[in-house]
Amino acid sequence: MKIEVRDVPPRAAWALEQAGVHPLLARLFAARGVASADELDAGLARLLPPAGLKGAHAAAVLLADAIAAGQRICFVADYDCDGATACAVGIRGLRLLGARQVDYLVPDRLVDGYGLTAPIAERVAARGADLLVTVDNGIASIDGVARARELGLKVLVTDHHLPATEPPPGRPKAASAPPGGSAPCEAGSVGAVILPAADVIVNPNQPGCGFDSKSMAGVGVMFYVLLALRAELRERGSFDAASQPKLDTLLPLVALGTVADVVRLDANNRRLVAQGLKRIRAGQMSTGLAALFAVAGRSSQKASTFDFGFALGPRINAAGRLADMTLGIELLLTDDAARADELARTLDGINRERREIEGGMREQAMQIAAGLFDVEDEPPSAIAVFDPDFHEGVVGIIAARLKDRLHRPSFVFAASSAPGREHELKGSGRSIPGFHLRDALDLVAKRHPGVLLRFGGHAMAAGCTIAEAHFELFEQALQQVAAEWLDAATLTRRLETDGPLPPEYRRPDMVDTLHHEVWGQGFAPPVFSEEVEVLSQRLVGDRHLALKPRHHGQPVDGIWFGRTGPLQPRTLLAFRLEVDEWQGARRVRLLVEGAAPA
């Protein structure tokens, strides 16, 4: 591992300090590209206006007409946390704005696959819907949208993924519905963009959209559509500015879905998340969200982005992986406390089951991967593993664990559970910086026609379906591409840090200040690094390394989760900060992220 320190533009850090930002925060923010205090203003008035989002006004007109005509509106949601929150935001928002007949449908990950397919469109039509609205999917659903229109449905696509593309002659076409829960196909070396023939499309990543926040999650796109709809209804005289419905009540759900989907936290996304956290900390959230905090054992008064990403989001995602995402959406929609508690406990139980399945699969996958190379050798340039007992709903998580452990592009496959496809394998992959996973699959498909039955994704995550008989050929082909594209520098794990922590900031109240800020993808939480003397170290539970380093002359408790090997007496340590509370006392503890020779 190579531990590096982020550059801190001194002029930006100075400007932030002069504007009243705490010196440590000024240094952290400047290192993440913040140049002025205006960028840190999280006020609602600083949100990008909906008028800049292509299709938002047309969507507002379509929805306003449907509400006025008493039409039935049906959402088709994705089966992850972003899709669930987007669906809940859409339904709650439309009801606030006067819609009376609103329904939803979520495809089954294992049976239906991803997105709006033709059979899903037929099921929506069978429910008597007039208007179909996709959330967190649909931009690549060419056939599903076409079938919906054939059946007489109007279609509004709200999505944030990249559109499908038409490959040049002779190159296999990427699937519009990638397996494994990955995003639709990403444009790159492929040909022209293909858009579904929907009545309206709202997507910041569609051609011709000049919206500045290209990283909005699906739930953020739906929230913006509601903002545009409220403005349209206000223009039609449904209410005035003083009496209009308060859509800010939806911001806690917007914040949860945004963080859980691991989209880049640009300035606009950070404002959405900050506003959601502000309301949650004040107790202003849906009944279901409050129940989710309770079963997760987290304090909503101290809510952080960590809670969204590692406590609440996984419990909702577990429903889509192992059961039915309807459970997650119902939790986010209910206002009944008893029902919310029941659903939250159910989701908590499913998540425990997911962790048990993941634990066994992770161990087995690690053993298979370890058998691919000798202990004294470096791992191959890419990893692909398969076991007949793997659960297809968890392959993406295991691929991420393999990638983290070995720092190699990694694919994990499970046998397909779809009827009639028993001899197919569905795989999910995760990549490392510098290796575009979807483009790698495209090259494999070009070199070995017929090996990839379906595939799609983006740079860091992708999915594919292959015949079981082609697994070894796929593994060899992927490793060949990786060997060509990756060099020693790319294959070296790098940990970017914020450098030394001044000892005067090693205080519980400072840690609280840090945790209060919005951190996440593209705006990484603080990780400090410096050379320390390790005074003592011991194993805890045979799985974790407890240590006591000397930090600027003071012994400090630390822990490295998942580490079993000892550290050198002097080492370069990379660590985060947390507050350890014991018998009423609050002390700072170091959470070790990595180490390198001093």
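Everything below is about the structure printed above this text.
Note that the structure is predicted; figures quoted are calculated from it, not measured.

(A) Looking closely at the packing of aromatic side chains. Taken as a whole and judged by the stated rule, the model has twelve aromatic pairs. Judged by centre distance (5.5 Å) and plane angle (85°), the rings of Phe411 and Phe474 are edge-to-face. Highlighted residues: Phe411 in strand S10 (residues 410–415) and Phe474 in helix H16 (residues 471–485), separated in sequence by 63 residues. A single burial state applies to Phe411 and to Phe474, both of which are buried. Residue placement shows Arg270 over the ring face of Phe523; its charged tip is 4.1 Å from the ring centre.

(B) Quick look at the state of the cysteines. One pass over the full model with this rule turns up zero disulfides. Note on Cys87: no disulfide assigned, nearest cysteine sulfur contributed by Cys74 at a separation of 8.4 Å. With a relative accessible area of 0%, Cys87 lands in the buried category.

(C) Focus on the side chain of Lys426. Structurally, the position occupied by Lys426 is in strand S11 (residues 424–430). Within polar-contact distance, the side chain of Lys426 engages the side chain of Glu392 at 3.1 Å.

(D) Structural context of the pattern of salt bridges. Scanning the entire structure with this criterion turns up 38 salt bridges. Between Lys302 and Glu581 there is a salt bridge whose closest N-O contact spans 4.0 Å. Linking Lys302 in the loop between helix H10 (287–296) and helix H11 (305–322) with Glu581 in strand S19 (residues 570–582), this pair joins segments that are 279 residues apart in sequence. Residue Glu581 is classed as partly exposed on the basis of its relative accessible area, which comes to 48%.

(E) Local environment of the sheet that holds strand S2 (residues 73–77). Here five strands make up an open sheet; going across it, the order is S3-S2-S4-S5-S8 and the pairing parallel. One side of each edge strand has no neighbouring strand; the edge strands of this open sheet are strand S3 (102–105) and strand S8 (200–202). Sheet twist, expressed as the mean angle between neighbouring strand axes with direction ignored, is 20°. As paired strands, strand S5 (residues 154–158) and S8 are joined by three bridges and run parallel to one another. Within S8, the position partnered with Val157 by the bridge is Ile201. Across the face of the sheet, helix H4 (residues 81–96) comes into contact with S2, S3 and strand S4 (131–135) while running at roughly 165° to S2. Packed on one face of the sheet, helix H7 (residues 218–235) meets S2, S4, S5 and S8 and runs near 125° to S5.

(F) Structural detail: helix H2 (residues 23–31). The element H2 is largely enclosed, with a buried count of eight among its nine residues. Those residues of H2 not exposed but buried are Leu24, Leu25, Ala26, Arg27, Leu28, Phe29, Ala30 and Ala31. Where H2 is buried, its residues touch helix H1 (10–18), helix H17 (508–516) and strand S15 (528–540). Directly after H2, the chain includes Gly33, whose backbone phi takes a positive value near 95°.

(G) Looking closely at the pairing of strand S9 (residues 383–386). A two-sided burial pattern is seen for S9, the buried positions comprising Ile383 and Val385 on one face and Ala384 and Phe386 on the other. Here four bridges tie S9 to S10, and the two strands are oriented parallel to one another. Across the sheet, Ile383 pairs through a bridge with Ser410, a residue of S10.

(H) Fine view of the nonpolar core. If you look at the biggest cluster of nonpolar residues, it comprises 122 residues, and the most contacted ones within it are Phe75, Leu94, Leu229 and Phe308. In terms of residue count, the dominant contributor to this core is H7 (eleven residues). Residues Phe386, Ile432, Ala445 and Leu452 belong to the second largest nonpolar core, which totals 27 residues.

(I) Local environment of the pairing of strand S16 (residues 544–551). Within S16, six of the eight residues are buried, which leaves the element mostly enclosed by the surrounding structure. By the bridge criterion, seven bridges tie S15 to S16 in an arrangement that is antiparallel. Bridging from a neighbouring strand, Val534 pairs with Pro549 of S16. Where S15 hands over to S16, the hairpin turn is made up of three residues, of which Gly541 adopts a positive phi near 65°. Where S16 lies against strand S18 (residues 558–560), three bridges are found, and the strand directions are antiparallel. Directly across from Leu547, in S18, lies its bridge partner Gly558. Sheet topology places S16 next to strand S17 (residues 554–555); two bridges connect them, and they run antiparallel. Looking at the pairing, His551 lines up with Gln554 of S17. Counting the residues between successive antiparallel strands, the hairpin from S16 to S17 contains two residues, one of them, His552, with a positive phi of roughly 50°.

Rules of the game
- Residues numbered from 1 in each chain as written.
- Predicted model: local features only at pLDDT ≥ 70, side-chain atom pairs only at ≥ 80, totals over all residues.
- Heavy atoms only, no water.
- Phe/Tyr/Trp six-rings, centres within 6.5 Å; stacked < 30°, edge-to-face > 60°.
- Helix = DSSP H or I, 4+ residues; strand = E, 2+ residues; numbered from the N terminus.
- Buried < 20%, exposed > 50% of the residue type's maximum accessible area, 1.4 Å probe, protein only.
- Lys NZ or Arg CZ within 6 Å of the ring centre and 35° of its normal.
- Disulfide = S-S within 2.5 Å.
- Polar contact = N/O pair within 3.5 Å; in protein donor to acceptor, adjacent residues only side chain to side chain.
- Salt bridge = Lys/Arg side-chain N within 4 Å of Asp/Glu carboxyl O.
- Pairing = 2+ DSSP bridges.
- Axes fitted to C-alpha atoms, helices over the stretch in contact; angles between N-to-C directions.
- Contact = heavy atoms within 4.5 Å.
- Core = buried A, V, L, I, M, F, W, Y, C linked by side-chain atoms within 4.5 Å.

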